[in-house]
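# Residue-level structure breakdown
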Amino acid sequence: MFEQIQRVPGDAILGLIEAFNKDTNPNKVDLGVGVYRDAKGTTPIMRAVKEAEALLLKNETTKSYIGSHGDPRYGNMILPMVLGEDSPILAAGRASATQSPGGTGALRLAADFIHSQLPGKGIWVSDPTWPNHLGIFQAAGLKLSKYPYVDAENRLDFDGMLAALKQIPVGDVVVLHACCHNPSGFDLSHEQWHDVLKVVQERELLPLVDFAYQGFGDGLEEDAFGVRLLAENLDEMLITSSCSKNFGLYRERTGCMIMVARNNEQMENVRSQMAIVARENYSNPPAHGAAIVTEILESAELAAQWREELTEMRDRINGLRRDFVEALAPYGLDKKYACVGEQRGMFSYTGLTPEQVDRLRDEFGIYMVRSGRANVAGLANENLPYVAKAIAAVND
Ligand code: PMP
């Protein structure tokens, strides 16, 4: 039977990692990976996470099933973090959270829920978007379309985006990145979020907001601006949240699917369906990562420590963005790459062409995705002058 199975090429980023590992250039730089790196180039376990894990090990009493929605204590911690401590939506019982295996698991829950409970609705994603959005939504059987997001000059194409949103069939689902747009790094201003809200209301769209990088842009509260604006002005929306980046829990698969409904009764109806979707996918979510997050957020001391560490990561990324542009100034390239200083999150559409990316890899051992997407966290003060010189060379 298996003789008819075709082999498919591996993930482009995995191929990049392999090529990087084989490269013997002592100055090589990896800007391809999708995880945070500290100044030493490692993806560390946060100290608050280590402490929470030690407490868990001591206090944990069972490994029994946790239930399809996961631990309600986890939801009680994540909901105010996403929607705001004083959110009237929470006070009205209009929102709830279903723990999921990472943000990816939450996206699949959303997709399966839309497919089974809102049949016929199309789903719209930004062009470009995180490639897995395409895979997840199509695998769930949804009709996928794209709206423009980045123009040919490597700028946020907000006019194009808004014009396209105005054409979306009434009632379709629109996927929005809450902050730190992956892959481009271009985020919406407050004013632009207000414009999006208006179109969402006019077209009666259902927003599915992907919130994978809360705290990686401008701050935990600041990054939630768009999510909260929509939630406070709409009756219904879906939000997928991830603790992979902001708690550094990548492999523990910790996220949640947040649903906001018109009233408590409708929320409970949606929630009951979400439990079925979860059960049919994986029964119960993994517990460990969410238990760590709960342990941290329920303790004032650990939460303060975690916030401090998150701020360190964010400040490092934003500092590197500024330093990158500055390092290019002696070559007269600071204006050309000024966008890197303005973008937010780990990723940047640098504007480097596929040919320039190839040259950077072959001649300088600098690795990034051919779209010109760089992981800014792969930079360090030590390699910035080398990277700037190489970029100047491929701009000649
Ligand atoms: N959405 C976006 C935009 C992402 O970049 C990612 C991770 N790369 C995710 C969702 C999912 O993250 P995870 O499943 O690791 O929590």
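Residues numbered from 1 in each chain as written. Predicted model: local features only at pLDDT ≥ 70, side-chain atom pairs only at ≥ 80, totals over all residues.

### Let's talk about the overall build of the protein
Assigned secondary structure in the protein consists of 15 helices and eleven strands. Computed over its C-alpha atoms, the radius of gyration of the protein comes to 21 Å, within 12% of the 21 Å expected for a compact globule of 396 residues. Overall, the protein is about 65 × 55 × 55 Å in size when its C-alpha atoms are taken along their principal axes. Here the protein holds 396 residues, and 45% of them are scored as buried. Considering only residue pairs separated by 6 or more positions, the protein has 73% of its internal contacts joining residues 24 or more positions apart. (Helix = DSSP H or I, 4+ residues; strand = E, 2+ residues; numbered from the N terminus. Rg over C-alpha atoms; globule rule 2.2 N^0.38 Å. Buried ≥ 20, exposed ≤ 12 C-beta atoms within 10 Å, placed from the backbone. Contact = placed C-beta atoms within 7 Å.)

### Considerations on the pairing of strand S3 (residues 122–127)
With six bridges connecting them, S3 and strand S4 (residues 143–148) associate as parallel partners. Within S4, the residue paired with Trp124 across the bridge is Ser145. For the handedness criterion, the β-α-β arrangement of S3, helix H6 (residues 131–139) and S4 is classed as right-handed. Across two bridges, the pairing between S3 and strand S5 (residues 173–177) is parallel. Note on S5: the bridge partner recorded for Ile123 is Val173. (Pairing = 2+ DSSP bridges. Right-handed = clockwise from strand over helix to strand, strands pointing away.)

### Quick word on the domain arrangement of the protein
Each domain of the protein was delimited in the assignment, giving domain 1 (10–45 + 312–394) and domain 2 (65–298). Taking the mean C-alpha position of each, domain 1 and domain 2 sit 28 Å from one another. Of the residues lining the interface, 17 residues belong to domain 1; the matching set on domain 2 comes to 19 residues. Contributing elements (two or more residues each) for the side of domain 1 that touches domain 2: helix H12 (300–328) and strand S9 (347–349). A per-class count over the side of domain 1 that touches domain 2 returns eight nonpolar, six polar and three charged. (Domains from an automatic or database assignment. Nonpolar A, V, L, I, M, F, W, Y, C, P; charged D, E, K, R; others polar.)

### Some remarks on the UniProt feature "domain: Aminotransferase class I/classII large" (unreviewed entry) in the protein
Those residues carrying the UniProt feature "domain: Aminotransferase class I/classII large" (unreviewed entry) are residues 27–391 in this numbering. Span residues 27–391 is 45% helix and 14% strand, its end C-alpha atoms 14 Å apart. (UniProt positions renumbered as here; feature names shortened; annotations may be inferred.)

### Digging into unusual backbone geometry
Cis rather than trans, the peptide bond between Asp127 and Pro128 has omega equal to 10°. Counting through the fold element by element, Pro128 comes out in the loop between S3 and H6. Cis rather than trans, the peptide bond between Asn182 and Pro183 has omega equal to 20°. Along the chain, Pro183 falls in the loop between S5 and helix H8 (190–202). Backbone geometry at Asn154 places phi at a positive 60°, although glycine is not the residue there. Classification of Asn154 as partly exposed rests on a count of 18 C-beta atoms within 10 Å. With a phi angle near 50°, Cys180 is a residue other than glycine that sits in the positive phi range.

### Some words on the site of the ligand
By nearness alone, 13 residues border the ligand, and Gly102, Gly103, Thr104, Ser242 and Ser244 come closest of all. Element by element, the count of residues in the shell around the ligand is highest for helix H5 (residues 102–117), at three residues. (Near = placed C-beta within 6 Å.)

### Let's talk about the environment of Phe20
Take Phe20: it is sitting in helix H1 (residues 12–22). Assessed through the 19 C-beta atoms surrounding it within 10 Å, Phe20 is described here as partly exposed. Sequence separation between Phe20 and Arg361 is 341 residues, and the spatial gap between their C-alpha atoms is 8.8 Å. Beyond its immediate sequence surroundings of up to four residues, Phe20 is in contact with Lys28, Asp30, Gly32 and Tyr367.

### Quick word on the packing of helix H7 (residues 158–165) against H8
Put simply, H7 and H8 touch, their axes get as near as 10 Å, and they point 15° apart. With respect to H8, the axis of H7 lies roughly parallel. Relative to H8, the crossing made by H7 is right-handed. Taking contact as the criterion, the partners of Phe158, Leu162 and Leu165 in H7 are, on H8, Gln192, Asp195, Val196 and Val199. Here the contact of H7 with H8 is composed, by residue class, of five nonpolar, one polar and one charged. (Axes fitted to C-alpha atoms, helices over the stretch in contact; angles between N-to-C directions. Parallel < 35°, antiparallel > 145°, perpendicular 65-115°, else oblique. Left-handed = near helix turned anticlockwise from the far one by under 90°.)

### Some points on the sheet that holds S3
The strands making up a sheet are joined through hydrogen bonds of the backbone, oriented either antiparallel or parallel. Spatial ordering of the open sheet is given by S2-S8-S7-S6-S5-S3-S4, a layout of seven strands whose pairing is mixed. Looking at the sheet topology across the chains shown, the edges are occupied by strand S2 (95–100) and S4. Ignoring strand direction, the axes of neighbouring strands in this sheet form an average angle of 25°. Taken strand by strand, helix H3 (residues 72–83) contacts S2, strand S6 (206–211), strand S7 (237–242) and strand S8 (255–260), and its axis lies near 120° from that of S2. Relative to S7, H5 is tilted by about 160°, and along the sheet it contacts S2, S3, S5, S6, S7 and S8.

### Some points on helix H14 (residues 354–364)
Turning to H14, its buried residues number three or more, namely Val357, Leu360 and Arg361. All buried residues of H14 lie within an arc of 90° about the axis, which places them on one face of the element. Across from the buried face of H14, at angles greater than 90 degrees, the exposed residues are Glu355, Asp362 and Glu363. Buried-residue contacts for H14 involve strand S10 (366–367) and helix H15 (384–394). Gly365 sits one or two positions beyond H14 and adopts a positive phi of about 70°. (Arc of directions from axis to C-beta.)

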